[in-house]
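Chains, contacts and geometry: an overview
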Amino acid sequence: MSKQIFNSWGRVEKPLIEFIDIANRFADYGTSDHGESFLAYGNGRSYGDSCLNPGGTMLLTRSAKQVINFDPQTGVLQCEAGLLLSEILALVVPQGWFLPVTPGTRFVTVGGASANDVHGKNHHVTGTFGCHVNQFELLRSDGQRLICSEQQHRDYFAATIGGLGLTGLITWVELKLRPINNAFIKAETIRYRSLDAFFALCEESDENYEYTVSWVDCSGTGKRIGRGLFMRGNHAPALTETPAYQSKNRTFFFEPPISLVNALTLKLFNTAYYYKQLPDSTQQTVHYEPFFYPLDGILEWNRLYGPKGFYQYQCVVPTEAGKEATTDLLNEIANSGMGSFLA
């Protein structure tokens, strides 16, 4: 087996690990008589080290990316685990279908989205990615191939969705898509000035908008704490004319010797971003790419953080503690002098 340096999207850990490219070689992944451990590695977009397996073997799934079957009448797609969500969208959007749940980047594999049970801007309406997986094949380290669903091998089905690859290798996934009229979103962006305003917008928006998300200025203190931009939207109805759109991706080509994200640049960027629109509220019909995947417009943006990389923190708090907990979190971040342009 060959070795190479692997890293996750945060680029903190960069271990040298043995690997196998599993394209058309699923039989190579089987029992090991010396206790070797295997872990699937898709497109390396996990923020933490959950996709890394130092001391073991990485199973590279990205080259297993065939569409096995797609029914444009029902929206049921069956594909190999290494297919990217971007490749699914390129196939199904022109035929009137969309992903039921999508994270903030479309450059993740369908196997990784299932194993991490990713969530999106419509979590309050449709749940997580795994809620829309009909079935998948799980290749176990003893060579078993199990078709897992709510009807078959339910225990493995439940443990593998969100199981981070620890139950075996997902070889293919069958996914139920959702219908759309076109590739556009009717979106609204609202500038708000406090956490009270944020929670009011949440309550107002959840019932009538499938997609809600907020950017918050995590460098704000005092009266500015919790201010941000609230974005909400729904898939556009049938349009007589669709706005012109051309995908434009730029690449951050180099790794700076130090992080370009620091207390000074954060305050400058976040202030500029907060005031990026003149009116407090704007409504427009936009293509799905900038609405769901704004950071995908800058490929390799994780290099901005320099050679030490970065950590991402996520948490869930009870609704009744939402304002107090969020206030404490934002105060802690602002006082530390560390933060993010994406919060």
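Look above for the structure.
An account of the accompanying structure is given in this report. (Residues numbered from 1 in each chain as written. Predicted model: local features only at pLDDT ≥ 70, side-chain atom pairs only at ≥ 80, totals over all residues. Heavy atoms only, no water.)

**Some points on the packing of aromatic side chains**
- The tally for this structure, following the rule as stated, stands at 24 aromatic pairs.
- Judged by centre distance (5.6 Å) and plane angle (75 degrees), the ring pair of Trp 9 and Trp 301 falls under edge-to-face. A residue pair is termed long-range when its members are at least 10 positions apart, and Trp 9 in the loop between strand E1 (2-5) and strand E2 (16-21) and Trp 301 in the loop between strand E17 (298-299) and helix H8 (322-336) qualify at 292 residues. Comparing Trp 9 with Trp 301 shows no difference in burial state: the two are buried.
- Between the aromatic rings of Phe 292 and Tyr 293, the centroid separation amounts to 6.0 Å while the plane-to-plane angle is 45 degrees, which identifies the pairing as tilted. (Phe/Tyr/Trp six-rings, centres within 6.5 Å; stacked < 30°, edge-to-face > 60°. Helix = DSSP H or I, 4+ residues; strand = E, 2+ residues; numbered from the N terminus. Buried < 20%, exposed > 50% of the residue type's maximum accessible area, 1.4 Å probe, protein only.)

**Notes on unusual backbone geometry**
- Positive phi, close to 60 degrees, is recorded for Leu 164, a residue that is not glycine.
- Assignment of secondary structure puts Leu 164 in the loop between helix H4 (154-160) and strand E10 (169-176).
- Positive phi, close to 60 degrees, is recorded for Glu 300, a residue that is not glycine.
- Note that Glu 300 resides in the loop between E17 and H8.

**Focus: the side chain of Ser 86**
- Within the element layout of this structure, Ser 86 appears in helix H1 (residues 85-92).
- What makes Ser 86 buried here is its relative accessible area of 16%.
- With near-sequence residues (within four places) excluded, Ser 86 lies in contact with Arg 106 and Phe 107. (Contact = heavy atoms within 4.5 Å.)

**Observations regarding the pattern of salt bridges**
- Scanning the entire structure with this criterion turns up 13 salt bridges.
- Taking the shortest distance from any N to any O, the salt bridge between Lys 323 and Asp 196 comes out at 2.6 Å. With Lys 323 in helix H8 and Asp 196 in helix H5 (residues 195-205), the pair connects residues that are 127 residues apart, well separated along the chain.
- What makes Asp 196 partly exposed here is its relative accessible area of 47%.
- What emerges from the salt-bridge pattern is a single network uniting Arg 106, Glu 289 and Asp 296. (Salt bridge = Lys/Arg side-chain N within 4 Å of Asp/Glu carboxyl O.)

None of this, on its own, says anything about what the molecule does.
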